[in-house]
Every structure is written in structure tokens, then in C-alpha cells.
Amino acid sequence: MVVWTPSSVCMYMYLTTVFRMQFENILVTDLQEKRSTLAERHDQGFRKVTSNFSESYSASWLVWPLSDAINFTIVARYFSPHFRATWDAGMGLLWNTYMSIITFRKDEQFGKLF
């Protein structure tokens, strides 16, 4: 978690921002409309990382240890072992939803945990 989480949080916020802007460029059909350059996409992705990193990193330290504790105790003890993968998949879905919310939110207070 110490090694993986900082890099995965940064890459998620950066790449989703860059890919979203690229996808918007593909959808632009009117040539009069401004298309973003690679430098603009890079700058916006970097701004997203620097503005949201501390919030998402601290949230990951709250969510994932608690999820693992539940997974290795309650789910492993009271359900069959194949439900542990289901638990992880469900938590991954919720985590990616949260990361998308804080990466693309318009209101800075929306989705804040801290």
C-alpha cells in the first residue's frame, strides 16, 4: 500500500483527465470549436493531481485497511472463500466511483471525506 497507492492515485487522476480531454477532442465536429493540445491536457492533468492527491491518498488509508480487515475476518469467516474476491471487486468499484467523483467534480466540497 505504501508503494502502490501513491503512484496509482496519481496515475488515475492524471490519465483519466488526459484521456477525457482526448475523447472530447475526438467528439468535436465543429472546426470552429477549440481543440485542446497535448500540453493543455498535460497541464490540466497535473493540476488535478496536485489539487486532489492529499485528499485521495488519505482516503485510501481509511478505506483499504478497513476493507482488508473486513475481507480477511468477517467475509472469510462467515462466507465461503470465493466471496472474498467478490468483496474486493465491489470495493474496487466503489473506490473507482469515488476517484472519478473527486477527479471530475465541479464543486470542490462535493464528495469530500475530510
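In this report, the structure presented in the accompanying data block is examined. Small disclaimer: the values here were computed from a predicted structure and weren't measured.

Each value, and the rule that gives it
- Residues numbered from 1 in each chain as written.
- Predicted model: local features only at pLDDT ≥ 70, side-chain atom pairs only at ≥ 80, totals over all residues.
- Heavy atoms only, no water.
- Helix = DSSP H or I, 4+ residues; strand = E, 2+ residues; numbered from the N terminus.
- Contact = heavy atoms within 4.5 Å.
- Areas by Shrake-Rupley, 256 points an atom, 1.4 Å probe, with all protein chains shown as cover.
- Core = buried A, V, L, I, M, F, W, Y, C linked by side-chain atoms within 4.5 Å.
- Buried < 20%, exposed > 50% of the residue type's maximum accessible area, 1.4 Å probe, protein only.
- Phe/Tyr/Trp six-rings, centres within 6.5 Å; stacked < 30°, edge-to-face > 60°.
- Salt bridge = Lys/Arg side-chain N within 4 Å of Asp/Glu carboxyl O.
- Polar contact = N/O pair within 3.5 Å; in protein donor to acceptor, adjacent residues only side chain to side chain.
- Axes fitted to C-alpha atoms, helices over the stretch in contact; angles between N-to-C directions.
- Parallel < 35°, antiparallel > 145°, perpendicular 65-115°, else oblique.
- Left-handed = near helix turned anticlockwise from the far one by under 90°.
- Nonpolar A, V, L, I, M, F, W, Y, C, P; charged D, E, K, R; others polar.

## Focus: the overall build of the chain
Part 1: When you go through the chain residue by residue, the secondary structure sums to 3 helices and 0 strands.
Part 2: Listing the helices and strands of the chain from first to last along the sequence gives α-α-α.
Part 3: When contacts within the chain are restricted to residue pairs at least 6 apart in sequence, those whose partners lie at least 24 apart make up 70%.
Part 4: For the chain, the accessible surface area stands at approximately 7900 Å², while carbon and sulfur atoms represent 68% of it.

## Remarks on the nonpolar core
Part 1: The biggest cluster of nonpolar side chains holds 11 residues, and these are V9, M13, V49, A59, V63, W64, M91, W95, Y98, M99 and I102.
Part 2: Of all elements in the fold, only α1 (4-27), α2 (38-78) and α3 (83-104) reach the threshold of two or more residues within this core.
Part 3: Considering every element that reaches this core, the biggest residue donor is α3, with 5 residues.
Part 4: In this view, W95 contacts S56, A59, S60, V63 and W64; residues no more than four positions away in its chain are not counted.

## Comments concerning the packing of aromatic side chains
Part 1: For the coordinates displayed, the defined rule picks out 5 aromatic pairs.
Part 2: Taken together, a centroid distance of 5.9 Å and an interplanar angle of 70 degrees make the contact between F79 and F83 edge-to-face.
Part 3: Taking the relative accessible area as the measure of exposure, F79 reaches 46% and is therefore partly exposed.
Part 4: The exposure class of F83 is partly exposed, given its relative accessible area of 37%.
Part 5: Counting every residue linked through ring pairs, the aromatic cluster contains F53, Y57 and W61.

## Here we look at the pattern of salt bridges
Part 1: Scanning the entire structure with this criterion turns up 1 salt bridge.
Part 2: For E55, the salt bridge is made with R105, and the minimal N-O distance between the two is 2.7 Å. Pair noted here: E55 is in helix α2 and R105 is in the segment after α3, with a separation of 50 residues, a long-range link.

## With respect to the side chain of T17
Part 1: Relative to the helices and strands, T17 is located in helix α1.
Part 2: At 2.7 Å, the side chain of T17 and the backbone oxygen of M13 are in polar contact.
Part 3: Residues contacting T17, with those up to four places away along its chain left out, are Q44, G45, K48, T103 and F104.

## Description of the packing of α2 against α3
Part 1: Where α2 contacts α3, the axes come no closer than 10 Å and their chain directions differ by 165 degrees. In this view, α2 runs roughly antiparallel relative to α3, as classed from their interaxial angle. The handedness of the crossing between α2 and α3 is right-handed.
Part 2: Taken together, the residues that form the contact of α2 with α3 break down as 15 nonpolar, 7 polar and 5 charged.

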